[in-house]
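Notes for the structure review
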Amino acid sequence: MKRKSILTIFVLLLSLALVVTGCGNSGKVQEQSQQEEPQGEQQGDGSWARVKEAGKLVVGLDDGYPPMGFRNDKGELVGFDIEMGEEIEKILGIELEWVPTDWNGVVAALKAKKFDVIISGMNMWEERKKEVNFAGPYGVAGQVILVKEDNNEDIQTLEDLQGKVIGTQLGSTGEKEARDAGFDEKTMKLYNKFPECFADLDNGRIEAVVIDAFAAPEWIKTGKYKRVGEIFGVNDEAYIGIAVRKEDKELLDKLNEAIDTLLENGTLREISMKWIGHDITEGIK
């Protein structure tokens, strides 16, 4: 009888263990089933949510590019793009973090996610549009030729500089226009930043600098240089905008909304008159 009771208890315990195990497995199966159930398709690409959650927009720029973005005597970043960025901060409710970057590799750095956007007076070239999207435009930039103040030669166009050595920034619209006019590595020196161009112009290593029209006044007011000829290269590719990665469409929409607001309320015109001396938004169609 005693042995029978022990056997009965053993069978009951074994049954109980099987029931508990079954319930545990059932819970796991149910939990796994719930995890595998689709949670619903995420709306949008998440780019704006990413920036908003971070509380900041990381921006690549050339910090040696007056009057768009450059360092003042205190080493602070100032200029048209910087002030426009401050207005974008107010509209979007986020901060902008500026990241100085080598201009020739700025698009590659954007695509490598070193920053979220590029705000640096960037021309909206067709070849660039194949790699990035642009918010804007927020301005129009033609090209001009600057020479030393004491240069008395009759220079009106790039063609008048054929046979001489000119300078411009590597990867700039100035380089593009000069190449279209027939300049090559033998007749054109390329620099990482425009201040290097003007250092060589001072030293007589080059005859002229090709630069964006809105950047020229900052150099002219030093009294060392003058503009010759008229503005050239004004076309659809002369528009400037904010470069955004192709996949970040929600962020693109937010930036477009901010630019539209600043154009409509006249803020960009005021910033333009302050930093450039004329309204670069006037030619936007």
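Right, let's walk through the structure included here. (Residues numbered from 1 in each chain as written. Predicted model: local features only at pLDDT ≥ 70, side-chain atom pairs only at ≥ 80, totals over all residues. Heavy atoms only, no water.)

Describing the overall build of the protein chain
- Each helix and strand counted, the protein chain has 10 helices and 13 strands in total.
- Classification of the 285 residues of the protein chain by burial places 46% in the buried group.
- A sequence separation of at least 24 residues applies to 71% of the contacts in the protein chain between residues at least 6 apart.
- On the protein chain, roughly 15,300 Å² of surface is accessible, and the fraction owed to carbon and sulfur atoms is 50%. (Helix = DSSP H or I, 4+ residues; strand = E, 2+ residues; numbered from the N terminus. Buried < 20%, exposed > 50% of the residue type's maximum accessible area, 1.4 Å probe, protein only. Contact = heavy atoms within 4.5 Å. Areas by Shrake-Rupley, 256 points an atom, 1.4 Å probe, with all protein chains shown as cover.)

A word on a negative patch on the surface
- There is a patch of like negative charges on the surface, built from D45, D253, E257, D260 and E264.
- Within the fold, D260 resides in helix α9 (residues 249-264).
- The exposure class of D260 is partly exposed, given its relative accessible area of 39%. (Patch = residues over 30% accessible without salt bridge, like charges linked within 9 Å, V, L, I, M, F, W, Y side chains within 5 Å. Salt bridge = Lys/Arg side-chain N within 4 Å of Asp/Glu carboxyl O. Lys, Arg positive; Asp, Glu negative; His and termini not counted. Charge placed at Lys NZ, Arg CZ, Asp CG, Glu CD.)

Overview of the pairing of strand β13 (residues 239-245)
- Across the seven residues of β13, seven count as buried, placing the element largely inside the fold.
- In terms of strand pairing, strand β6 (residues 117-123) meets β13 through four bridges, oriented antiparallel. Across the sheet, the residue bridging to V117 is V244, located in β13.
- Bridge analysis of strand β7 (residues 132-140) against β13 gives six bridges, and the strand direction is antiparallel. If you follow V140 over to β13, its bridge partner there is Y239. (Pairing = 2+ DSSP bridges.)

What to know about the pairing of strand β9 (residues 166-169)
- Where burial is concerned, the two faces of β9 agree: the one with I166 and T168 and the one with G167 and Q169 are both buried.
- For β9 and strand β10 (residues 188-191), the ladder comprises four bridges, and the chain directions are parallel. Opposite G167, over in β10, you have K189 as the bridge partner.
- Bridging between β9 and strand β11 (residues 208-212) involves two bridges; their strand directions are parallel. Bridging across to β11, I166 finds its partner in A208.

As for the packing of aromatic side chains
- All told, the structure shown has seven aromatic pairs when counted by the stated rule.
- Centroid distance F70 to W275: 6.1 Å. Interplanar angle 85 degrees. Geometry classified as edge-to-face. With F70 in strand β3 (residues 69-71) and W275 in helix α10 (residues 267-275), this pair connects stretches of sequence that are 205 residues apart.
- Cation over ring: K176 sits above W125, and NZ or CZ is 5.9 Å from the ring centre. (Phe/Tyr/Trp six-rings, centres within 6.5 Å; stacked < 30°, edge-to-face > 60°. Lys NZ or Arg CZ within 6 Å of the ring centre and 35° of its normal.)

Fair warning: the whole summary comes from geometry, so function is off the table for now.
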